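Read off the chains here:
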Amino acid sequence: MNRLKAGDRFPEFTVNTAFESDVNLNELMRGKRTLLRVLRYVGCPTCRIDMHVLAEAYARFEERNAQIIVVLQSDQKHLQDALSMESLPFTIISDPEETIYHALDIPAASDKEAFRGGEDQTAWAAKRKAADEAGYAHGDSEGNELQLPAMFVIEPDGFVSYAHYAESCADLPMAEESLKILDETAGYGSRLQEGDTIPDFRIDTQNGHHEHFHELLKGKTVLWVLRYIGCTVCRFDVHMIAKRYEEFKNRDAQVLVVMQSDTAHLKRDLESTDTVLPFEIIADPEQYIYRRLNIVPAESMDALRGNGADRLKEKAAAARAAGFAHGDYEGNEQQLPALFILDENGKACFAHYASELMDMPSVDDVLKKLETL
């Protein structure tokens with residue numbers, strides 16, 4: 001498996017905790033934000049001081065509706081022995097087979113020097129000193145002695161909002177920094193309001209991969225969030241935007257479209273209609289951007305059509321007249337659209353969340369709005 005990144009769905013795992021067997025890890029995480037910390041083994045002094053510091057700050061994590069789960073290479077017997085001497089307020093996963101480590105592609109260091117930080121071992125030395133002062137002696141070695149740690153924040157819906165793979169044993173956020181990370185990612189699922197800065201995303205479009213969404217921003221950007229490329233009226237929207245694209249450029253604006261489609265469907269549709277678009281369509285088949293910006297689906301198909309059913313029929317007829325037929329279904333059929341206008345720094349100058357499918361600004365409406373910004 002590839003390394004996890006923000007926006008990925010956290011994989012399914014059945015695990016053993018210190019005291020229970022065959023536990024569904026994903027069920028354990030559901031309903032709360034989870035700080036998943038992957039360390040070495042319970043006899044490792046720096047791992048023990050790590051857990052001790054997290055335990056002391058645990059009430060502050062709970063205030064943020066967050067829980068901590070620690071993964072160790074230790075077997076259940078070693079964990080039970082350690083916890084009989086020091087109780088911890090969070091769950092510890094026993095993974096002596098290193099199933100989670102391998103599945104999440106968490107590497108080991110090449111050698112002991114690299115494990116400790118290479119030429120600069122200051123952070124490791126400080127953590128080891130803190131462990132010694134707290135009375136944590138080295139216990140039994142388990143698993144891979146050179147195993148590097150990692151940390152993830154998993155949201156209640158099972159998607160990752162933060163991922164960090166350590167380059168040395170001490171290259172891991174401690175309690176205070178972890179709390180700060182939780183605060184910084186707390187906007188997950190919040191509606192984007194005027195004046196807010198849109199989060200950065202790793203994205204794929206019909207033209208390739210972009211590590212940073214923000215790098216695409218220039219001048220004014222109209223972010224048009226639709227359903228999927230096979231949706232007749234969405235395809236017609238793309239057609240109309242492209243047809244009038246010079247008018248956007250004349251207003252120092254560009255357009256980016258977000259769809260639930262994967263890149264294969266985007267490319268196939270555009271190639272089959274011999275279409276070269278003057279803008280990029282962001283493929284979001286996992287609907288990460290939709291969730292991140294809290295663009296929700298309608299409660300039903302009737303709610304999706306709403307009071308605009310007649311106008312929707314007219315638009316569908318215009319789409320068919322332009323040669324667009326319904327293609328493959330992708331994503332959530334009841335997904336509502338949205339539209340944002342961003343400045344070059346990603347700040348929202350305009351935000352609109354549709355209450356039904358036809359509750360969207362027209363191309364004319366957007367062009368007029370751009371003239372006022």
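Source: prediction; values computed, not measured.

This part is about the sheet that holds strand 12 (residues 280-283). The strands making up a sheet associate through backbone hydrogen bonding, with each pair oriented either parallel or antiparallel. Read from one edge to the other, the open sheet built from seven strands follows the order 9-8-12-11-10-13-14, with strand pairing classed as mixed. Each of the sheet's edge strands pairs with one partner strand only, and the pair in question is strand 9 (208-210) and strand 14 (348-353). Direction aside, neighbouring strands of the sheet carry axes that sit 25° apart on average. Pairing between strand 10 (residues 220-225) and strand 11 (residues 253-259): six bridges, direction parallel. Its bridge partner being in strand 11, K220 is matched across the sheet by A253. The strands touched by helix 9 (residues 232-243) within the sheet are strand 10, strand 11 and strand 12, with strand 11 carrying the most contacts at an inclination of about 165°.

Applying the stated criterion to the full structure yields 20 salt bridges. Among the ionic pairs, E145 bridges to R40, the shortest N-O distance being 3.2 Å. With E145 in the loop between helix 7 (122-133) and strand 6 (150-154) and R40 in the loop between strand 3 (33-38) and helix 2 (45-56), this pair connects stretches of sequence that are 105 residues apart. Taking relative accessible area as the criterion, R40 reaches 8% and is therefore assigned buried. One salt bridge connects D81 with K77, and the closest N-O pair in it is separated by 2.8 Å. With a gap of four residues between them, D81 and K77 both fall in helix 4 (residues 76-85), about one helical turn apart. When salt bridges that share partners are traced, they join R37, D50 and K127 into one network.

For the structure on display, the rule yields two cavities of 30 Å³ or more. Counted as a void, the largest cavity has a volume near 80 Å³. If you go around the largest cavity, the residues you meet are L39, R40, C44, T46, C47, D50, F115, K127, Q147, P149 and C169. With three residues, helix 2 is the single largest residue contributor to the lining of the largest cavity. Classifying every residue of the lining of the largest cavity by side-chain character gives six nonpolar, two polar and three charged. In this structure, the second largest cavity encloses a volume near 40 Å³. As for the second largest cavity, its lining consists of V42, R48, M51, A82, L83, E86, L88 and I92. Every element with two or more residues in the lining of the second largest cavity is listed here: helix 2 and helix 4. By residue class, the composition of the lining of the second largest cavity is six nonpolar, no polar and two charged.

What follows covers the layout of surface pockets. In this structure, the largest pocket spans a volume of roughly 730 Å³. Elements that contribute at least two residues to the lining of the largest pocket include exactly strand 7 (160-165), strand 8 (203-205), strand 12 and helix 12 (288-292). In terms of residue count, the dominant contributor to the lining of the largest pocket is strand 7 (five residues). Partitioning the lining of the largest pocket into residue classes produces 13 nonpolar, seven polar and eleven charged. Of the volumes computed, that of the second largest pocket is approximately 360 Å³. If you go around the second largest pocket, you meet 19 residues; those closest to its centre are D237, K315, P361, S362 and V363.

Our focus in this paragraph is the pairing of strand 7. Of all six residues that make up strand 7, five are buried, and the element is covered over most of its length. Direction of pairing for strand 6 relative to strand 7: antiparallel, over a ladder of five bridges. Considered in strand 7, the bridge of A150 is made with Y165. Connecting the antiparallel pair strand 6 and strand 7 is a turn made up of five residues, with G158 showing a positive phi of about 90°.

A word on unusual backbone geometry. Unlike most non-glycine residues, E98 shows phi in positive territory, near 60°. Tracing the backbone shows E98 in the loop between strand 5 (91-94) and helix 5 (99-103). Positive phi, close to 55°, is recorded for D252, a residue that is not glycine. When you line up the elements, D252 lands in the loop between helix 10 (245-249) and strand 11.

Another aspect to go through is the packing of helix 2 against helix 7. Where helix 2 contacts helix 7, the two axes come as close as 8 Å, and the packing angle between them is 75°. Of the possible angle classes, the one that applies to helix 2 and helix 7 is roughly perpendicular. Contacts from P45, T46, I49 and D50 in helix 2 reach W124, K127, R128, A130 and A131 in helix 7.

This part is about the pairing of strand 12. Alternating positions in strand 12 separate into two faces, E280 and I282 on one and I281 and A283 on the other, with burial throughout. Sheet analysis places strand 8 next to strand 12, joined by two bridges and oriented antiparallel. Each bridged residue has a counterpart across the sheet, and for D204 the counterpart in strand 12 is A283. Pairing of strand 11 with strand 12 involves four bridges; the strand directions are parallel. Bridging from a neighbouring strand, V257 pairs with I281 of strand 12. Remark: the strand 11/helix 11 (residues 263-272)/strand 12 crossover connection has right-handed handedness.

Criteria and thresholds
- Residues numbered from 1 in each chain as written.
- Predicted model: local features only at pLDDT ≥ 70, side-chain atom pairs only at ≥ 80, totals over all residues.
- Heavy atoms only, no water.
- Pairing = 2+ DSSP bridges.
- Helix = DSSP H or I, 4+ residues; strand = E, 2+ residues; numbered from the N terminus.
- Axes fitted to C-alpha atoms, helices over the stretch in contact; angles between N-to-C directions.
- Contact = heavy atoms within 4.5 Å.
- Salt bridge = Lys/Arg side-chain N within 4 Å of Asp/Glu carboxyl O.
- Buried < 20%, exposed > 50% of the residue type's maximum accessible area, 1.4 Å probe, protein only.
- 1 Å grid on protein atoms, 1.4 Å probe; cavity = no way out; pocket = protein on both sides within 12 Å on 5 of 7 lines; lining within 4 Å.
- Points joined across faces, edges and corners; volume = space filled by probe spheres on them.
- Nonpolar A, V, L, I, M, F, W, Y, C, P; charged D, E, K, R; others polar.
- Parallel < 35°, antiparallel > 145°, perpendicular 65-115°, else oblique.
- Right-handed = clockwise from strand over helix to strand, strands pointing away.

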